[in-house]
Amino acid sequence: MWALRAAVRPGAWLSRVVRGRPAWRAAPPPPPCPERALSALGPGGPGGLQGRGGGGRGARADGRGSAEGAAEEEGPEDAAAAEEEEELLRREPLLPAGAQRVCLVHPEVKWGPGRPQLTRAEWQVAEARALVHTLDSWSVVETMVVPTKTPDRKLVFGTGTLEKLTEKIRGLSEITAVFLNVERMSLPTKKELEAAWGVPVFDRFTVVLHIFRCNARTKEARLQVALAELPLLRSHMRDNIARQGGRGGSSRYIMGSGESFMQVQQRLMKEREMKIRKALERLRRKRQLLGTQRRRREIPVVSVVGYTNCGKTTLIKALTGDAAMQPRDQLFATLDVTAHAGSLPCGMTVIYMDTIGFLSQLPHSLIESFSATLADVAHSDVIVHVRDVSHPETELQKASVLSALQGLPLPAPLLDAVLEVHNKVDLVPGYSPSGPRACAVSARLGLGLEELKAELEDAVLRATGRRALTLRVQLAGPQLSWLHKEATVQDVHVVPEDGVADVSVIISTSAYGKFRKLFPE
């Protein structure tokens, strides 16, 4: 009878899969999500241009605010699509609710091909601990670094090591969960470890995915997280069908449809994936349209990228003076690409794009799901790579970010001209950056910002083909107002006896061509 309902009611199996877990993991109410700095909120709404110069011309740079503002004009088809998108976003919680006291278990591979390069166990443990503390009311009460020669075995550890570890965990009466610091556990592995240790066991994929869920605010980010969850749902589906007595592989068919129970579930899962991808494509088209409007107005864009919690949002706030931005010392506080307007020393307005942070060993499905959002970096004029030089693994973090950028469809000139910003130098006394394209700053204290702005101005002018010119215009004509609208006017020197003015401007090649066409000498 249950199979019949699942076949008739699409999506019904999703909640049933979760209900098939052990009793202590029955679907609880969703845990409180960490509050995220709503960096794009302000007078302009989500995604609006914030900061100095934020009341500039035209559409919002990232398109979300304008797209949401246009919702009132949507027709019945758009309303139906929006309702379907919301239905796709209704999901069971991934982690138990309430306060959790966690035992962190880190498998340390000291030799062999599985040994991690450029890092050490204590640094990996510190990052794992930060992931746990990102969750509200979760704390690490015990940490165990356990050597293993066989990280790819079903139960990760050898038999003797696992027995000793089990004895230790069983003896910790205060813990309520175990965080096993591996990228992904198979469902059979999870079940066996939970049976042995007597508490829920989570891997990096589940914890990071839950953090993403909590921090995703826009519909696009939430849909991308839903897409990343599909491998987990498929795993639960297969396990649920196996526990139903193997009906998926039997000859039973549902309602004479010619489909077995397994085939029905696979079809429903595929339909869900197609709906999510279609919804993301709709949002991508809206974003592309507004990006085209922004490019027509020739507003330069600076994409700010970096390892998670390196200080990207703090730096943008320091550069724009945007009081609405509230950076937090937390992993993955930013999941949505947001746009913020600021001014360069020459007076030219630029858009700073705050992007999702990177993480070593980030689950592949999460990278794939957010690749469309990160692909927006390809439309930037300049990329700024923010590094936390106070972190002991700063070089490994740099390698992780550059590897992720190289996996995106970025133009070679854009990738070759990345500007490095070495942040948090106030925590490293006497620090001096190495390399020709590196600026040392403390975004929190405002150190080095003037030098950084000068470097940014130079990089933006080079990338956009703008140049500084002095043009003589008639005071009685429309030239001066046109230049104020289409270029960055730096200075106006009036010559009253001749009825003219010498105007110092920064102007793009295309705008200068228009000026000469409209106002020939």
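Shown above is the structure to which this text applies.
First, a word on scope: everything that follows refers to the structure included in this document.

The next subject is helix α9 (residues 219–228). Burial within α9 is extensive, with eight of its ten residues counted as buried. For α9, the full list of buried residues reads E220, A221, L223, Q224, V225, A226, L227 and A228.

Another aspect to go through is the pattern of salt bridges. One pass over the structure, following the stated rule, counts eleven salt bridges. Here R387 ties to E420 by a salt bridge, and the two come within 3.2 Å at their closest N and O atoms. Here R387, found in strand β8 (residues 382–388), pairs with E420, found in strand β9 (residues 419–423); they are 33 residues apart in sequence, far enough to count as distant. Given the relative accessible area of 6%, R387 is considered buried. On the accessibility criterion, E420 (12% relative accessible area) is buried. Of the charged contacts in the structure, one is a salt bridge between R472 and D502, with a shortest N-O distance of 2.8 Å. Within this pair, whereas R472 is found in strand β11 (residues 467–474), its partner D502 is found in strand β13 (residues 500–507), the two being separated by 30 residues in sequence. Note on D502: relative accessible area 19%, which makes it buried. Look at the salt bridges and you will find they share partners, linking R387, E395, K398 and E420 into a network.

Let's shift gears to a nonpolar patch on the surface. A cluster of nonpolar side chains, L475, V492 and V494, forms an exposed patch at the surface whose accessible area comes to about 210 Å². Mapped onto the fold, V494 is located in strand β12 (residues 488–495).

Before going further, it helps to examine the packing of aromatic side chains. In this structure the tally under the stated criterion is four aromatic pairs. Between W138 and F202, the aromatic rings sit 6.1 Å apart at their centres with planes inclined by 50 degrees, giving tilted as the arrangement. With W138 in strand β2 (residues 138–147) and F202 in strand β4 (residues 201–202), the pair connects residues that are 64 residues apart, well separated along the chain. Residue class for W138 comes out buried when judged on its relative accessible area of 8%. Owing to a relative accessible area of 2%, F202 belongs among the buried residues under this scheme. Here F515 and F519 contribute two aromatic rings whose centre-to-centre distance is 5.3 Å and whose plane-to-plane angle is 55 degrees, an arrangement assigned as tilted. The residues F515 and F519 share a single accessibility class, namely buried. Linked through ring pairs, W482, F515 and F519 together constitute an aromatic cluster. The ring of F205 is capped by R184, whose NZ or CZ atom sits 4.4 Å from the centre of that ring.

F179 and L410 are the most contacted members of the largest nonpolar core, which totals 39 residues. Those elements giving two or more residues to this core turn out to be β1 (100–108), α5 (121–134), β2, β3 (177–180), α8 (204–215), α9 and α14 (394–406). For this core, the leading source of residues is α8, giving six residues. Once residues lying within four places of it in the same chain are set aside, the contact partners of L410 are V377, A378, I383, L405 and L415. L315, M325, M348 and A443 belong to the second-largest nonpolar core, a separate cluster that totals 26 residues.

As a further point, take unusual backbone geometry. The backbone of S137 shows a phi angle near 70 degrees, a positive value even though the residue is not glycine. As for its position among the elements, S137 is in the loop between α5 and β2. Although it is not a glycine, V156 adopts a positive phi angle of roughly 70 degrees. Among the secondary structure elements, V156 is positioned in the loop between β2 and α6 (159–170).

It is worth spelling out the environment of L483 at this point. Within the secondary structure, L483 sits in helix α17 (residues 479–486). Classification of L483 by relative accessible area gives buried; the value is 0%. Between the C-alpha atoms of L483 and V505, which are 22 residues apart in sequence, the distance is 7.8 Å. Ignoring any residue separated from it by four or fewer positions in sequence, one finds L483 in contact with L471, V473, V489, V503, V505, I507 and F515.

Mapped onto the elements, R120 comes out in the loop between β1 and α5. Residue classification places R120 among the partly exposed positions, given a relative accessible area of 44%. Sequence spacing of R120 and P392 is 272 residues, and the spatial spacing of their C-alpha atoms is 9.9 Å.

Next up on the list: the sheet that holds β2. Read across the sheet, four strands follow the order β2-β1-β3-β4 without closing on themselves; strand pairing throughout is parallel. Both outer strands of the open sheet, β2 and β4, are each paired with one neighbouring strand and no more. In this sheet, β4 lies alongside β3 in parallel orientation, the contact comprising two bridges. Note on β4: the bridge partner recorded for F179 is F202.

This next bit is on helix α12 (residues 312–320). Burial in α12 covers these residues: K312, T313, L315, I316, L319 and T320. For α12, the arc enclosing every buried residue in end-on projection is 160 degrees, short of the 170-degree limit, so these residues lie on one face. Taken together, the buried residues of α12 touch β5 (301–306), β6 (338–343), β7 (349–354), β8, β9 and α16 (449–464). Positive backbone phi, approximately 70 degrees, marks G321, located one or two places after α12.

Each value, and the rule that gives it
Residues numbered from 1 in each chain as written. Predicted model: local features only at pLDDT ≥ 70, side-chain atom pairs only at ≥ 80, totals over all residues. Heavy atoms only, no water. Buried < 20%, exposed > 50% of the residue type's maximum accessible area, 1.4 Å probe, protein only. Helix = DSSP H or I, 4+ residues; strand = E, 2+ residues; numbered from the N terminus. Salt bridge = Lys/Arg side-chain N within 4 Å of Asp/Glu carboxyl O. Patch = residues over 30% accessible without salt bridge, like charges linked within 9 Å, V, L, I, M, F, W, Y side chains within 5 Å. Areas by Shrake-Rupley, 256 points an atom, 1.4 Å probe, with all protein chains shown as cover. Phe/Tyr/Trp six-rings, centres within 6.5 Å; stacked < 30°, edge-to-face > 60°. Lys NZ or Arg CZ within 6 Å of the ring centre and 35° of its normal. Core = buried A, V, L, I, M, F, W, Y, C linked by side-chain atoms within 4.5 Å. Contact = heavy atoms within 4.5 Å. Pairing = 2+ DSSP bridges. Arc of directions from axis to C-beta.

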